[in-house]
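Each chain, letter by letter, is given below.
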Amino acid sequence: LQWIYGYQLYLDEDFKNYIQTIFKNVTFPTFPINHCKIKNWYTVNLDKDFQDFPVFLKKSNACMMAKIGVDKHSCLPSAFGRILNIHMSTGHNAPRWEILAENLSGLKKHHLQFTDEIMEVVSQVFERVAAHNGSTLVGVHVRRTDYVEFRQKHTGLDPVNETYFQAAMQFYRDKYPDTIFLVVSDDIGWCKEKITGKDVFHVEDGSPGSDLAIMSSCHHSIIDYGCYGVWEGSLGRGGGSHS
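Just so you know, these numbers come straight off a predicted model, no measurement behind them.

Here's the deal with the packing of aromatic side chains
Then comes step 1: Within the structure shown, the criterion is met by four aromatic pairs.
Then comes step 2: On the basis of an interplanar angle of 80° and a centroid distance of 5.1 Å, the ring pair of phenylalanine 171 and tyrosine 172 is categorised as edge-to-face.
Then comes step 3: Accessibility expressed as a relative area gives 3% for tyrosine 172, which makes it buried.
Then comes step 4: Geometrically, the ring pair formed by tyrosine 172 and tyrosine 176 is stacked, given 6.4 Å between the ring centres and 15° between the ring planes.
Then comes step 5: Counting every residue linked through ring pairs, the aromatic cluster contains Phe171, Tyr172 and Tyr176.

Right, dumping it as structure tokens:
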């Protein structure tokens, strides 16, 4: 969005510190939002889909943004003059695919590069899998712990079960007989019980960063729901299967 619309983006300090443990080249400056007592934000509540966000930015102008007096807020850099606070509603952060498709290759090349520590974990996992003579790697991400209750509460639907994953995996087995599946999850115990096979490997003791890198390094991906899964599929090298 910064490239397209010319907005200077700032990251919360805590978020930047965390994201730097996963990605290299996190060049966005920080903004001490947790320490500034700013009351005159211009706040945008995005209660619809994330796709409305670029439309809003394109139409917005300086008159819509709050004027922040630097002398009254010494924690702000002198470059600050107009600040826009964006609030995203949980569960409505679906990407705008045409924008993502146009810029994804540049993001992957220049920004979304995993740290050496993360890639070392990926190498260790792939070395263990290499002994099983599979040349097509399919990452499987299963999200359960927080999303089971959320999905039932907000949609009235049960979470996808093992039938979905088994059907998606069979699709890849039929297309690529040499497939090896790498399963990552926030509930690996459920996966070890429900998603099994001689060609299935469960990645245990991973982190959100290493799981993302493993999925992104596979040739194809199977995901269920959530932005985390969307980015796993988007950063990967092949096609995705999702519910």
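What to know about the nonpolar core
Then comes step 1: With 24 residues, the main nonpolar core has Phe23, Phe114, Leu182, Val203 and Ile214 as its most contacted residues.
Then comes step 2: Looking at this core, the elements that each hand over two or more residues are helix H4 (97-110), helix H5 (116-130), strand E7 (179-185) and helix H9 (208-217).
Then comes step 3: Phenylalanine 114 has contacts with Ile22, Phe23, Lys24, Met119, Gly209, Leu212, Ala213, Ser216 and Leu235, leaving out every residue within four places of it along the chain.
Then comes step 4: In this structure, Tyr164, Tyr172, Ile222 and Tyr225 belong to the second largest nonpolar core, which totals 19 residues.

As for the confidence of the model for the chain
Then comes step 1: Taken residue by residue, the chain gives an average pLDDT of 75. The fraction at 70 or more is 66%.
Then comes step 2: Ranking the elements of the chain by mean pLDDT puts strand E4 (residues 66-67) last with 36 and strand E8 (residues 200-202) first with 96.
Then comes step 3: Here residues 46-50 is modelled with pLDDT under 50, and outside its nearest four sequence neighbours on either side it reaches 17 contacts, counting other chains as well.

Some words on the pattern of salt bridges
Then comes step 1: The final tally for this structure, using the stated rule, is six salt bridges.
Then comes step 2: With its nearest N and O atoms 3.5 Å apart, the salt bridge here joins arginine 144 to aspartate 187. Highlighted residues: arginine 144 in the loop between strand E6 (136-142) and helix H6 (147-155) and aspartate 187 in the loop between E7 and helix H8 (188-194), separated in sequence by 43 residues.
Then comes step 3: For aspartate 187, a relative accessible area of 26% corresponds to the partly exposed category.
Then comes step 4: Aspartate 199 is paired through a salt bridge with arginine 173; the nearest N and O atoms lie 2.7 Å apart. Note that aspartate 199 is positioned in the loop between H8 and E8 and arginine 173 in helix H7 (residues 162-175), a separation of 26 residues in sequence.
Then comes step 5: A relative accessible area of 17% means that aspartate 199 is categorised as buried.

Details of the environment of glutamate 13
Then comes step 1: For glutamate 13, the position within the fold is in helix H2 (residues 13-19).
Then comes step 2: Exposure remark for glutamate 13: the relative accessible area of 30% places this residue in the partly exposed category.
Then comes step 3: Once the C-alpha coordinates of glutamate 13 and threonine 30 are considered, the two residues, 17 residues apart in sequence, prove to be 5.4 Å apart.

Remarks on the side chain of threonine 136
Then comes step 1: Residue position: threonine 136 is located in strand E6.
Then comes step 2: On the basis of relative accessible area, threonine 136 is assigned to the buried category, the value being 9%.
Then comes step 3: At 3.0 Å, the side chain of threonine 136 forms a polar contact with the side chain of aspartate 178.

Re the pairing of E6
Then comes step 1: Across the seven residues of E6, seven count as buried, placing the element largely inside the fold.
Then comes step 2: Judged by which residues are buried, E6 turns out to be covered on both faces: Thr136, Val138, Val140 and Val142 on one side and Leu137, Gly139 and His141 on the other are all buried.
Then comes step 3: Two elements, E6 and E7, share seven bridges in a ladder whose sense is parallel. The residue of E7 that forms the bridge with valine 138 is phenylalanine 181.
Then comes step 4: As paired strands, E6 and strand E9 (residues 220-223) are joined by three bridges and run parallel to one another. Paired with valine 138 across the two strands is histidine 220, which belongs to E9.

Conventions we followed
- Residues numbered from 1 in each chain as written.
- Predicted model: local features only at pLDDT ≥ 70, side-chain atom pairs only at ≥ 80, totals over all residues.
- Heavy atoms only, no water.
- Phe/Tyr/Trp six-rings, centres within 6.5 Å; stacked < 30°, edge-to-face > 60°.
- Buried < 20%, exposed > 50% of the residue type's maximum accessible area, 1.4 Å probe, protein only.
- Core = buried A, V, L, I, M, F, W, Y, C linked by side-chain atoms within 4.5 Å.
- Helix = DSSP H or I, 4+ residues; strand = E, 2+ residues; numbered from the N terminus.
- Contact = heavy atoms within 4.5 Å.
- pLDDT = per-residue confidence, 0-100.
- Salt bridge = Lys/Arg side-chain N within 4 Å of Asp/Glu carboxyl O.
- Polar contact = N/O pair within 3.5 Å; in protein donor to acceptor, adjacent residues only side chain to side chain.
- Pairing = 2+ DSSP bridges.

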